[in-house]
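A structural walkthrough
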Amino acid sequence: MVYELHAVIIKKEVGLQKAKKIAEDIIKRDAFMRETEDSYRFRNIAKTKFKSDTFRTKNVNDKVSLIFGERL
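The following refers to the structure shown.

A few words on the packing of aromatic side chains. Within the structure shown, the criterion is met by 1 aromatic pair. Relative to Phe55, the ring of Phe50 lies with its centre 5.5 Å away and its plane at 50 degrees, an arrangement referred to as tilted. Taking the relative accessible area as the measure of exposure, Phe55 reaches 27% and is therefore partly exposed. Its guanidinium or amino end placed over the ring of Phe50, Arg71 lies 5.9 Å from that ring's centre, counting from NZ or CZ.

In this fold, Arg29 is placed in the loop between α1 (16-27) and β2 (32-35). Owing to a relative accessible area of 39%, Arg29 belongs among the partly exposed residues under this scheme. Along the primary structure Arg29 and Asn44 are separated by 15 residues, whereas in three dimensions their C-alpha atoms are 8.8 Å apart.

Cut-offs applied
Residues numbered from 1 in each chain as written. Predicted model: local features only at pLDDT ≥ 70, side-chain atom pairs only at ≥ 80, totals over all residues. Heavy atoms only, no water. Phe/Tyr/Trp six-rings, centres within 6.5 Å; stacked < 30°, edge-to-face > 60°. Buried < 20%, exposed > 50% of the residue type's maximum accessible area, 1.4 Å probe, protein only. Lys NZ or Arg CZ within 6 Å of the ring centre and 35° of its normal. Helix = DSSP H or I, 4+ residues; strand = E, 2+ residues; numbered from the N terminus.

Here is the structure:
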C-alpha cells in the first residue's frame with residue numbers, strides 16, 4: 001500500500017503569504033486553497049481519488065500538518 005499526499009493544512013497564525021510559500025515548497029506547484037475558521041488547506045489531490053478510510057495526518061510541527069491517503 002502506497003500513501004500519497006492529499007493536502008497540506010497550515011494554521012492561520014502563520015499568515016496567508018507564508019502559508020502559500022510553505023504549501024508550494026511541499027506540493028511543488030500552485031495548489032487549490034480553501035480557508036477554514038482557523039487554517040488554510042492546500043489540496044494536492046482531490047479526496048475522491050482516495051479510499052475514504054485510509055486518511056492519515058502527520059504533524060510537521062505545531063502549525064503544519066500533512067494529510068495522506070491510499071489512492072483508489
